[in-house]
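# A structural walkthrough
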Amino acid sequence: MNTKDVIINKLREAFLPESLDVVDESHLHEGHAGHRPGGETHFRVYIVSPAFEGKSRIERHRMINATLAQELAGSVHALAIHAHGPGEKPR
């Protein structure tokens, strides 16, 4: 299973999202810190879940970072997070 699939599975299990999109942006970071041949180092997550209702942006990021702690300590160099509760407008 590739890193993107692992991220998707963990986020689905932890947050039961209404919507989830995980984008591998590694190709945009060639030559930058943390990039490796083969990619799977830089990701962007768009997630909408009831689990984020009433939570601050920092709390949401901490929740996601805790869920993906193993990946962030290993192969994932950067994770951009866009986390919202249902009905919230993205900032």
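Quantities reported herein were computed from a predicted structural model and do not represent experimental measurements.

## Re the sheet that holds strand S1 (residues 19-24)
- Spatial strand order, S1-S2-S3: 3 strands in an open sheet with mixed pairing. Strand pairing shows two members of the sheet lacking a second neighbour, S1 and strand S3 (78-84), which therefore form its edges. In this sheet, neighbouring strand axes are inclined to one another by 10° on average, regardless of whether the strands run parallel or antiparallel.
- Note: S1 against strand S2 (residues 42-48), 6 bridges, orientation antiparallel.

## So, the pattern of salt bridges
- Evaluated as defined, the whole model comprises 3 salt bridges.
- Across the salt bridge formed by lysine 10 and glutamate 71, the nearest N and O atoms sit 2.9 Å from each other. Of the two residues, lysine 10 sits in helix H1 (residues 3-15) while glutamate 71 sits in helix H3 (residues 69-73), which places them 61 residues apart along the sequence.
- For the salt bridge of glutamate 88 with arginine 60, the shortest nitrogen-to-oxygen distance reads 2.8 Å. With glutamate 88 in the segment after S3 and arginine 60 in helix H2 (residues 57-67), this pair connects stretches of sequence that are 28 residues apart.
- Residue classification places glutamate 88 among the partly exposed residues on the basis of a relative accessible area of 32%.
- Judged by relative accessible area, arginine 60 falls into the buried class, the value being 5%.

Conventions we followed
Residues numbered from 1 in each chain as written. Predicted model: local features only at pLDDT ≥ 70, side-chain atom pairs only at ≥ 80, totals over all residues. Heavy atoms only, no water. Pairing = 2+ DSSP bridges. Helix = DSSP H or I, 4+ residues; strand = E, 2+ residues; numbered from the N terminus. Axes fitted to C-alpha atoms, helices over the stretch in contact; angles between N-to-C directions. Salt bridge = Lys/Arg side-chain N within 4 Å of Asp/Glu carboxyl O. Buried < 20%, exposed > 50% of the residue type's maximum accessible area, 1.4 Å probe, protein only.

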